[in-house]
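Each chain, letter by letter, is given below.
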Amino acid sequence: MSTTPRSEPADALGGAAADRPRPPRMRADARRNREQILRAARAVFADQGPDAPLDEIARRAGVGIATLYRRFPERADLIRAVAIDVFTALVEAAREATDAGRDPLDALRRFMHAALDLKIGSVMPTLVGRVTIDEILEAVRQDAADPVEELLRRAHEAGLIRPDIVFGDITMMIVRLSRPLPGGGIPDDEALAHRQLDVYVDGLRPAGSARPNTRLPGPALDAAAFKRFRGRVMGGGSG
């Protein structure tokens, strides 16, 4: 018995699939340029807002302004792409933390540090009114809030965090710490934020629990360094 009739539907389907238009695959250099532009735009929007000069974004990305406009013909296209890129990375970080199978508090800590690196608290507020959360979630198709809530539930069930800690205590602290300090910040501002995040996460532990005995990372801002920073921001010397 011939097997040809059985293969005909597959051939037909294959032919139909071949006839469908497929989105062009992005070349490696084009993909790299796009990633560099989005990373630079994230930083510039955080510093200067969504109306920042596109020339500055192209300069920081290491590409020509023509390359930027080829990828993002309108400013609105770039703003939307930045928002989607940040939320996509946030979802990936949350999923990685929930799927790792590690200590739930450690997983929560790792997610918070990853979210801090994304500067979500300084990027997203600048884009308010330019892109809606519905647009972002429709493109990303996942919500990072769900796996973060699952991490929080696991930490509660394991007795690793205070029973009165809620979802907003996690997300809003990320937002607060990811905003740069005034006056252009201080040297190692980002490293200082990560240090302070570790202090905060350790404070989530319930009363009577063992405290970590590892040294805090990042720079330690002592009183003298704080006074210098205060004087630089407010004027009037270091005292």
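Each remark here, short or long, concerns the structure printed above.
This one's a predicted model, so the numbers in the text were calculated from it and none came from an experiment. Residues take numbers from 1 onward in each chain, read along the sequence in its written order. Selection of residues for local features in this predicted model requires a pLDDT of at least 70, selection of side-chain atom pairs for listing and counting requires 80 or more, and totals for whole chains, interfaces and linings are taken over all residues. Excluding hydrogens and water, the side-chain values take into account all heavy atoms of the structure.

Q: What should I look at first to understand the layout of surface pockets in this one?
A: Rolled over the atoms, a probe as big as a water molecule pinpoints where empty space is left. Each pocket or cavity is described by its volume, and for the largest pocket that value is around 530 Å³. Along the walls of the largest pocket sit 26 residues, with Phe87, Leu90, Ile120, Met124 and Val175 positioned nearest its centre. Of all elements in the fold, only α5 (75–99), α6 (104–117), α7 (120–123), α8 (133–140), α9 (145–157) and α10 (167–177) reach the threshold of two or more residues within the lining of the largest pocket. Counting from the N terminus, the helices are DSSP H or I runs at least four residues long and the strands are E runs at least two residues long. Per-element tally for the lining of the largest pocket: the top contributor is α10, with five residues. Cavity and pocket criteria rest on a 1 Å grid covering protein atoms alone: a 1.4 Å probe that fits but cannot get out defines a cavity, protein on both sides within 12 Å along at least 5 of 7 lines defines an open pocket, and an atom within 4 Å of a point defines a lining residue. Grid points are joined across faces, edges and corners, and a volume is the space filled by probe spheres set on the points.

Q: Just to check I follow, could you spell out the environment of Leu216 for this structure?
A: One can find Leu216 in the loop between α11 (189–202) and α12 (223–234). Burial classes follow relative accessibility: with a 1.4 Å probe on protein chains only, a residue under 20% of its type's maximum area counts as buried, one over 50% as exposed, and anything between as partly exposed. On the basis of relative accessible area, Leu216 is assigned to the partly exposed category, the value being 33%. Leaving out residues up to four positions away in the same chain, Leu216 has contacts with Arg195, Asp198 and Val199. By definition in these notes, contact holds between two residues if any of their heavy atoms fall within 4.5 Å.

Q: Even after reading the chapter, I still don't get the pattern of salt bridges, so can you show me in this structure?
A: Two side chains that carry opposite charge are able to pair once their charged atoms sit near each other. The salt bridge definition used is simple: a Lys or Arg side-chain nitrogen within 4 Å of an Asp or Glu carboxyl oxygen. Going through the model one piece at a time under the given rule, you end up with 15 salt bridges. Two residues, Arg205 and Asp202, come together in a salt bridge whose shortest N-O distance is 3.9 Å. Taken as a pair, Arg205 and Asp202 share a single burial class, namely buried.

Q: Just to check I follow, could you spell out unusual backbone geometry for this structure?
A: Excluding glycine, most residues fall at negative phi; most peptide bonds, likewise, are trans. Despite not being glycine, Lys119 has its phi angle at roughly 55°, a positive value. Relative to the assigned elements, Lys119 resides in the loop between α6 and α7. Note on Lys119: relative accessible area 22%, which makes it partly exposed. For Arg141, which is not a glycine, the phi torsion comes out positive at approximately 70°. Residue position: Arg141 is located in the loop between α8 and α9.

Q: Sorry if this is basic, but what is going on with the nonpolar core here?
A: A general feature of soluble globular proteins is that nonpolar side chains tend to end up buried together. Core analysis: the largest hydrophobic core is formed by 58 residues, its most contacted members being Ile57, Leu78, Val82, Phe111, Met124, Leu127 and Ile170. Per-element tally for this core: the top contributor is α5, with 13 residues. We call a set of buried Ala, Val, Leu, Ile, Met, Phe, Trp, Tyr and Cys residues a nonpolar core when their side-chain atoms join them within 4.5 Å.

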